[in-house]
Amino acid sequence: MWKRAFALGSSAVLAVGILAACGNDDGDDAAGTTGASNGEETTLTLYSGRSEDLVGPLIEQIGYEVPVEPRYDSKAAQILEEGDNSPADLFFAQDAGELGALANAGLLAELPEDITEMIPEAYRSESNSWAATSARSRVLIYDPAQLDEGDLPPSIDGLLDPELRGQVGYAPTNASFKSFVTGLRLIRGEDGAREWLEAFLANEPRVYDGNGPIVEEVGNGQLAAGLTNHYYWAKEVQEQGLDAVSSRLHFFSDGDPGALMNVAGIGVLESSENKEQAFDFIRQLLTPESQAYFASAAAGEYPLIGDAQLEVEGVPAIDELQPPRVNLDELADVAGTEELLTEVGAV
Amino acid sequence: MLTPAVYLVVRAAEANWTTIETLLLRERTYRLLINTIQLSLAVTVLSIVIGVALAWCATRGFRRGRPLMIALLSAPLAIPSYVSGFVWTRLFPGFEGFPAAVLVLTMACYPLVMLPAIAALSGLGRAQEDAARTLGCSPLTAFLRVTAPRMRTAVLGGGLLVALYAISDFGGPAIVRYEPFTVGIYNAYNGSFDRTAAAVYGCVLAVMALGLAITERLIRRDTDTVASVERAATVRNSPSAWAFSGVVIAVGVVVPIIGLLREIGRSQRVSLGSAAEWADLAEWVWPKASATLTLSLQAALVIAVLALPLAFFVSRPRTRTGAFVESATYIGYALPGVTVALSMVFIGVRLLPDYYLTTAMLIAAYVVLFIPVCLGPLRSTVDDIPNGLDEVSRTLKAGAVATAMRVILPIAAPGLLAGTALACLSVAKELPATLMLAPVGTRTLATDMWSLNADLSYGLAAVLGLVLIVVTSIPTVILSSMFSRGGESK
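Residues numbered from 1 in each chain as written. Chains lettered and ligands numbered in written order. Predicted model: local features only at pLDDT ≥ 70, side-chain atom pairs only at ≥ 80, totals over all residues. Heavy atoms only, no water.

A tally of helices and strands in chain A yields eleven helices and ten strands. The proportion of buried residues among the 347 residues of chain A is 60%. Long-range contacts, defined here as pairs at least 24 residues apart, represent 76% of the contacts in chain A between residues at least 6 apart. With an accessible surface of roughly 13000 Å², chain A has 47% of that area assigned to carbon and sulfur atoms. (Helix = DSSP H or I, 4+ residues; strand = E, 2+ residues; numbered from the N terminus. Buried < 20%, exposed > 50% of the residue type's maximum accessible area, 1.4 Å probe, protein only. Contact = heavy atoms within 4.5 Å. Areas by Shrake-Rupley, 256 points an atom, 1.4 Å probe, with all protein chains shown as cover.)

Bringing the pattern of salt bridges into the picture now. Tallied over the entire structure, the rule returns 31 salt bridges over all chains. The shortest N-O distance in the salt bridge between Asp114 of chain A and Arg283 of chain A comes to 2.7 Å. Taken together, the residues Asp114 of chain A in helix α5 (residues 113-116) and Arg283 of chain A in helix α9 (residues 275-285) connect sequence positions 169 residues apart. Given a relative accessible area of 38%, Asp114 of chain A falls into the partly exposed group. A cluster of three or more residues bridged by salt bridges with shared partners is formed by Asp73 of chain A together with Lys288, Arg443 and Asp448 of chain B. (Salt bridge = Lys/Arg side-chain N within 4 Å of Asp/Glu carboxyl O.)

Listed as interface residues are 66 residues of chain A and, on the opposing side, 74 residues of chain B. Carbon and sulfur atoms make up 57% of the area that chain A and chain B hide from each other, which totals about 6200 Å². Run the count over chain A and chain B and you get five salt bridges. Between Glu96 of chain B and Arg206 of chain A there is a salt bridge, with its nearest N and O atoms 3.1 Å apart. The tally of links between chain A and chain B comes to 29 residue pairs in polar contact (both at pLDDT 80 or more). Here the side of chain A that touches chain B gets 16 residues from one element, more than from any other, and that element is helix α1 (residues 2-34) of chain A. (Buried area = accessible area lost by both parts, 1.4 Å probe. Polar contact = N/O pair within 3.5 Å; in protein donor to acceptor, adjacent residues only side chain to side chain.)

Residues and elements named next belong to chain B. Inspection of the secondary structure assignment puts Val200 in helix α12 (residues 195-220). Using a relative accessible area of 6% as the deciding quantity, one classes Val200 as buried. Once the C-alpha coordinates of Val200 and Leu422 are considered, the two residues, 222 residues apart in sequence, prove to be 30 Å apart. When near neighbours in sequence (up to four residues on either side) are disregarded, Val200 contacts Ala12, Ala15, Ile20, Leu23 and Leu24.

With that settled, consider the confidence of the model for chain A. Do not read the fine detail of predicted coordinates wherever pLDDT is low. Of all residues in chain A, 88% have pLDDT values of 70 or greater, and the mean over the chain is 87. This stretch, residues 1-39 of chain A, has a pLDDT under 50; its non-local contacts, to residues over four places away or in other chains, come to 53 contacts. (pLDDT = per-residue confidence, 0-100.)

Set out below in structure tokens:
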């Protein structure tokens, strides 16, 4: 008998006691940040899909103007589960596809026109539900010891060459690879994309879990080349110095799908009670000063506004690139891409 | 405890037959399942062999330095599998695939067997082994034939935890380029956020988990324990115990530490030339280290407090309800952390909005995720309490509380302490739930290490990795010095 009594009694009393004890103070904090108190003094809650290392200094800087509490490394999936109850006012996404997923779920508020008009036309969301903040190009990272720059193809079709069998790396579960495939579908149609993917898989590419391992293996000579985003190479250079990094970047040209220019961006949650202030935060992200931050070695991305030039040696300026023209809103069809990747057996 | 299960059912119910067909009934799913089963089998067998051998070393082979050795031998549990995988692939380019995945996961998992086994062994005396020796058995045979069977419940429980961990992990196998079944789940959260697909895959894992839990329960059966008074086992300094432990520590702890130090050396972003730079680094690390330690201690305490009554409920007397409750607790451990975390988001934000993004809810998530690692070793010691011992105590006029405190608790203590240590280490390296549910501004060593790694800031990530190993060794030293006492020196 004592077993049951002991079991039930002690579990209830102790657990509730301890949970309540450690919950109290934090509970008050959270209430303070998410509640809509009066006017300007409210602190915004920012879910950032981008990391603190990448955008922390910029957000801290803007925070002096527009008070904000960031939660770094958040995923859109969390906001989708939270739905209308989300404590977030803003979502700063790594990729246009993520913002598209939130917009499609009806969770993003429409942005005022003055914000959308700040952004160059090619990078605007036609639905007005999010604002692009910086751009990145898809690239082929390669090991100059194994491949000659001169021999590298201008198009992803060159990756189907039997000479590259088993030598190209890719990260099929990665969001930026999926955006590339979405771009491929938009440019070449469903059948064209399937054809390329099947031929690519038949050439036995090596599967990686993410962009970091691709950069690493090309760097140490285990892999001849890999599909990734340009700024991962910039981060590797920041980490180890250009002298220690043997890999180089190859940009596909002439509007090839492999030269897709994708964006990071930000949106305001429809459920936010501080929308005006959240819009102010976005305006601050789009000033030339903030944009210059994206061009710094810490971020290594292409700014969209102002004349700041990318401060990473070995990466061409944005006007030297020849990306395909793609409607960024349409990159939101990641579900269609996943269906195709499942069909061809890549995921 | 059933939050993840409810969530999975809600989300998976959105799937129609075509979805399930395209996701599950294809050759690739079959291949991935085979991958995961092979991996899980190899890791479980190896973890049991290594874990039991180390438990013998720790309880019989070291006369001095036992708590420190146990802490060192437990340290690999605190190293996230993706970190050790990362280190191995960078130190030894080309080391990848099945062997690498087995090595990485075995190192992350054998403490799940070792600690419960130590707890079980430290309660066993030498009488039966002595008898075997007088009948002509060698020390090894005597151990294997007489003592090992008495550790069966503890070892089986640990083996179950290892198998569950191995089927649910993604980061460790993925970084060494071995594709596990969970890749489908991660893929779904990485793109279209197809939560239905993730839930369908999650259900498959949950079924596997229940299957494993039931299998373990069947193998375990009832142990018939009799009360016996034994002389404590002899402890001597065994060179082979030291050598074997040394090899395991080299592979499980020293190699990762060397790899992390190498990253720090290669990084331009970590410079430690002056005292001021050390101070800056310390100032940067401190809040994360203290949050990690506080959270893991709080969570381990809550988990221990909840596991104790639960262990009695599920094991004495054994009922169908008990069996159901026990199996249900394993679901949280067998699912990828991201699924459990999203289930807590889903339920938490709707039912307890005031507690959403508070430490309280984060700790509740840790309980759901990790109560089995505490319950396992604890239950095996509770199972070994001889039947009727409490009645004896009661006839001697001890009250229910006195019996619990003075008779039962001391016997269950080694299992409780081992389980608490396991819970503490598991919480310290936890990633997805911490990312999603921690209060605004709370960052742990694990979350920032992961984030920096993803940004290729390997040097700074390595600093956090080293700190994590050091920080988590503190509770392990304390807990292991509490339960590894006893044993007579010769």
